[in-house]
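Okay, here's what each chain looks like letter by letter:
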Amino acid sequence: MANVLVFIDNPGQALKKSSLELLTIARSLGETAVAVNGELSDDAAGTLGAYGAASIFRPAAADLDDYLVAPKAAFLAAVADKSGATTVLLENSPEGKEIAARLGIRLSAGVITDVIAVDADGTAHKSVLAGSYTTTAKATTPVTVLSVKANSVDPEPAAAPVTPETVTVDAPADATAAAARITSREQKVASGRPDLTDARIVVAGGRGLDGDFGPVEELADALGAAVGASRAATDAGWISHDAQVGQTGKTVSPQLYISAGISGAIQQKAGMQTAKVIVAVNKDAESPVFEIADFGIVGDLFQVLPQATEEIKKRKG
Amino acid sequence: MKIVVLVKHVPDAQFDRHLSGEGHTTDRDESILSELDEYALEAALQLAEARGGAKAGNKVIALSMGPAGAVNAIKKSLQIGATEGVHLTDGALAGSDAAATSLALAAAVRHLGADAPVDLVLTGMASTDGETSLVPAQLAERLGLPQVTFASSLDVDGGRVTARRDADTHSETVEASLPAVVSVTDQINEPRYPNFKGIIAAKRKSITTLSLADIGVDSSQVGHAGSWTRVTAAEERPPRTAGTIITDEGDAGIKLVDFLAAQKLL
Ligand SMILES: Cc1cc2nc3c(=O)[nH]c(=O)nc-3n(C[C@H](O)[C@H](O)[C@H](O)COP(=O)(O)OP(=O)(O)OC[C@H]3O[C@@H](n4cnc5c(N)ncnc54)[C@H](O)[C@@H]3O)c2cc1C
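Residues numbered from 1 in each chain as written. Chains lettered and ligands numbered in written order. Predicted model: local features only at pLDDT ≥ 70, side-chain atom pairs only at ≥ 80, totals over all residues. Heavy atoms only, no water.

*Asks:* Mind showing me how you'd approach the overall build of chain B here?
*Replies:* A tally of regular secondary structure across chain B gives seven helices and 16 strands. Here chain B holds 266 residues, and the buried ones make up 51% of them. Taking as baseline every contact in chain B between residues at least 6 positions apart, the subset at least 24 positions apart corresponds to 71%. Roughly 11600 Å² of accessible area belongs to chain B as shown, and the carbon and sulfur atoms make up 51% of that amount. Here chain B contributes 24 positively and 35 negatively charged side chains, and the mean placements of these two sets differ by 6 Å. (Helix = DSSP H or I, 4+ residues; strand = E, 2+ residues; numbered from the N terminus. Buried < 20%, exposed > 50% of the residue type's maximum accessible area, 1.4 Å probe, protein only. Contact = heavy atoms within 4.5 Å. Areas by Shrake-Rupley, 256 points an atom, 1.4 Å probe, with all protein chains shown as cover. Lys, Arg positive; Asp, Glu negative; His and termini not counted. Charge placed at Lys NZ, Arg CZ, Asp CG, Glu CD.)

Structure (structure tokens):
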């Protein structure tokens, strides 16, 4: 019997760092089973073994991806029953949280989202009210469902790799009955930059860029950073909505957040104020962003950013 | 169409927000209608208006669950244009987590559908206090309905709802049959403000109060008793304090890099 079940949706050719983090946390809680939807390459399967997954559960049907979350939750509920796991870990993406939500109802299990650490007894740590409180929470039910934020632990393979057994599980017959169907899907072009939610460094731009993200992108590339934006910049169409950081965009907790031409409205702060170090460049000394910046520069970003980019390139030789 | 919009009364994010009491629940003084629910309300009003509005029998019911003060979220919704309000309130509901909240709301939606069926339940993408986004999906699961979450556009035609969603790596179009539960993002529309006419009209609109008994829910199923999670501790984070602020004198870019180097961030 497994203690912990990790859900990995469409692992692709190589497991994402966030999946490796889930597997690392799972091992600290006990024997790990993994539920995988979609293709499982030999490489990915090998990594699951290296991270200590004793068993891999896969759905009998291939069409779970044609629907929004509901059938995935139904499949996962069936696996949880079969594996006997008392903790289920999922990634904290919008879709991960929705699967967790429905799974919770199916299993009569407490669901905790936005988790950043899990104690051996299942107590989960998270921050709430836009980062103003840190809390611990625990499910009172026999099974606990947790969605865990990326960058919560350093991934580490098991001391000794295992060879997982593979088990096929039927999703319940009613799984797709009351589900929304996906009728078309368009792939977005990849930027080649690190993923915003788990990047170590984020350079973000706002209305002050006046339509030109060049200085932000160049600084980001010199630092190997992801590019973020305020809602004013995404609403203006200067950059795609996925770059938005804040209450209705992404929450990021990087080592370094560089805010350029962003005023620092409460909804923007909500998404970035747990960054370790915050740097702000803004020509208005009264901007609220300076209240939370570790290093603030009152100045024109079109001067400051290119100069910094040049200097970084020079020092990196 | 009969549309139920879930509206939540939440602490205003412009002020410091606090957790208090044994259950570490949010203080609800200084509360307002959750900004993110205004987008759901606007979407509902647009769907109703496109079908001839209230005159043609379209209903937009603003439903809020919460203590006495939550009626303010309903009043604001009526001023903006909802046709009627429903306030689910009962002492036993205090401290409900997402699972208990979705249980009570599911019962309330069933109750509201007893005379004529509800076609659509609209919600914001998340509450601005709990921020978990769990309730819309849990409500759908409890009602056995299809759920469309994070819709950035919405269309209803011939008993089907079509929506667009944007994920990181792809965008998708999704379709579900009615009735359905749909949560919408802040990308979907530009919410309107209440105008003078709306404020006057709201005074004549009815607000129905429902208790747990009215919707057939036992008090043990909600509140702390019915919740499946418990907050065991809460600690206020020290607010961030301002660090060094300099004014650019032509070399701020270099000073920025010096700072990054000193912090070992290069
Ligand atoms: C329901 C709701 C949800 C929201 N969600 C989000 C969210 O998720 N994320 C988000 O960011 N916002 C969000 N907002 C919007 C938020 O309230 C602000 O409107 C937004 O963050 C402002 O963006 P900005 O700072 O880029 O623009 P502004 O407030 O216009 O600030 C631009 C700044 O650029 C500076 N500037 C201009 N030119 C230069 C220059 N050459 N060099 C240096 N500085 C310059 C100016 O001094 C100014 O401070 C939300 C709002 C609502 C109502």
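*Asks:* Sorry if this is basic, but what is going on with the site of the ligand here?
*Replies:* Near the ligand, the surroundings consist of 30 residues, among which Arg207, Ser230, Gln244, Ser263 and Asn282 of chain A are the closest. Positioned at a junction of chains, the ligand has nearby residues supplied by chains A and B. Arg207 of chain A is positioned such that a nitrogen or oxygen atom in its side chain is 2.6 Å from an oxygen atom of the ligand. At a separation of 2.8 Å, a nitrogen atom of the ligand approaches a polar side-chain atom of Thr248 of chain A. Compared with its free state, where it exposes 990 Å², the ligand has 82% of that area covered by protein. Residue assignment for the shell around the ligand shows that the elements contributing at least two residues are helix H6 (231–235), helix H7 (266–272) and helix H8 (301–316) of chain A together with helix H1 (35–50) of chain B. Here the shell around the ligand gets three residues from one element, more than from any other, and that element is H1 of chain B. Looking at the shell around the ligand residue by residue, the classes come out as eight nonpolar, 15 polar and seven charged. (Near = heavy atom within 4 Å. Polar contact = N/O pair within 3.5 Å; in protein donor to acceptor, adjacent residues only side chain to side chain. Nonpolar A, V, L, I, M, F, W, Y, C, P; charged D, E, K, R; others polar.)

*Asks:* Mind showing me how you'd approach the pattern of salt bridges here?
*Replies:* Charged atoms that come close allow side chains of opposite charge to pair. Scanning the entire structure with this criterion turns up 30 salt bridges over all chains. The partner of Lys255 of chain B in a salt bridge is Asp251 of chain B, with the nearest N and O atoms 3.6 Å apart. Since its relative accessible area comes to 32%, Lys255 of chain B is described here as partly exposed. Given the relative accessible area of 30%, Asp251 of chain B is considered partly exposed. Three or more residues joined by partner-sharing salt bridges are found here, namely Asp9, Asp65, Lys72, Glu95, Glu98 and Arg185 of chain A together with Arg165 and Glu172 of chain B. (Salt bridge = Lys/Arg side-chain N within 4 Å of Asp/Glu carboxyl O.)

*Asks:* Would you take a moment to explain the packing of aromatic side chains for this structure?
*Replies:* Centre-to-centre distance and the angle between the planes together describe a pair of aromatic rings. In total, this model carries one aromatic pair over all chains according to the counting rule given. Ring geometry for Phe295 of chain A against Phe259 of chain B: centres 4.6 Å apart, planes inclined by 10°, an arrangement best described as stacked. Linking Phe295 of chain A in strand E15 (residues 295–298) with Phe259 of chain B in helix H7 (residues 252–262), this pair reaches from one chain into another. Taking the relative accessible area as the measure of exposure, Phe295 of chain A reaches 6% and is therefore buried. (Phe/Tyr/Trp six-rings, centres within 6.5 Å; stacked < 30°, edge-to-face > 60°.)

*Asks:* Any chance you could explain the nonpolar core here in plain terms?
*Replies:* Nonpolar side chains in soluble globular proteins generally cluster together in the buried interior. Ranked by internal contacts, the top residues of the largest apolar core, which has 41 residues, are Val5, Leu122, Leu154, Val182 and Val184 of chain B. It is H1 of chain B that contributes the most residues to this core, nine residues altogether. Apart from the residues within four sequence positions on either side, Val182 of chain B is in contact with Leu120, Val121, Leu122, Thr123, Val148, Ala151, Leu154 and Val161 of chain B. Counting 35 residues, the second largest nonpolar core, distinct from the first, contains Ala225, Ile239 and Phe295 of chain A together with Ile246 of chain B. (Core = buried A, V, L, I, M, F, W, Y, C linked by side-chain atoms within 4.5 Å.)

*Asks:* I'm lost on the interface of chain A and chain B in this one. Help?
*Replies:* How big an interface is tends to be stated in terms of the accessible area lost upon association of its parts. With 88 residues of chain A at the contact, the number on the chain B side is 78 residues. Taking both sides of the interface into account, the surface hidden between chain A and chain B amounts to around 7000 Å²; carbon and sulfur atoms contribute 54%. When residues of chain A are sorted by the area they lose upon contact with chain B, Ile105, Leu129 and Tyr133 of chain A head the list and together hold 10% of the total. The tally of links from chain A across to chain B stands at 10 salt bridges. (Buried area = accessible area lost by both parts, 1.4 Å probe.)

*Asks:* Hey, could you run me through H1 of chain B in this one?
*Replies:* Residues that lie three or four places apart on an α-helix share one face, since the helix turns once every 3.6 residues. All names here are of chain B. Here H1 contains 16 residues, and its C-alpha end-to-end distance of 23 Å stays within 8% of the 22 Å for a straight helix at 1.5 Å per residue. The element H1 is largely enclosed, with a buried count of 12 among its 16 residues. Of all the positions in H1, only Leu36, Asp37, Glu38, Tyr39, Ala40, Leu41, Glu42, Ala43, Ala44, Leu45, Leu47 and Ala48 are classed as buried. (Expected span 1.5 Å × (residues − 1).)

*Asks:* I'm lost on the pairing of strand E6 (residues 59–65) of chain B in this one. Help?
*Replies:* Residues in a regular strand point their side chains to alternate faces of the sheet. Residue and element names in this part refer to chain B. In terms of burial, E6 is a largely internal element, six of the seven residues being buried. Where E6 and strand E7 (residues 84–88) come together, five bridges link them in parallel fashion. Among the inter-strand pairings, Ser64 is bridged to a residue of E7, identified as His87. (Pairing = 2+ DSSP bridges.)

*Asks:* Where do I start with the side chain of Glu42 of chain B in this structure?
*Replies:* All names here are of chain B. Here Glu42 lies in helix H1. Side chain to side chain, Glu42 and Gln46 meet in a polar contact 2.9 Å long. Leaving out residues up to four positions away in the same chain, Glu42 has contacts with Asn189, Glu190, Pro191 and Arg192.

*Asks:* Would you mind showing me how to read empty space enclosed by the protein here?
*Replies:* Residues and elements named next belong to chain A. All told, the structure shown has two cavities of 30 Å³ or more when counted by the stated rule. Taken as a whole, the second largest cavity holds about 30 Å³ of empty space. For the second largest cavity, the full set of lining residues is Phe7, Ile8, Asp9, Ser18, Ser19, Leu22 and Glu91. Contributing elements (two or more residues each) for the lining of the second largest cavity: strand E1 (4–9) and helix H1 (17–29). Here the lining of the second largest cavity is composed, by residue class, of three nonpolar, two polar and two charged. (1 Å grid on protein atoms, 1.4 Å probe; cavity = no way out; pocket = protein on both sides within 12 Å on 5 of 7 lines; lining within 4 Å. Points joined across faces, edges and corners; volume = space filled by probe spheres on them.)

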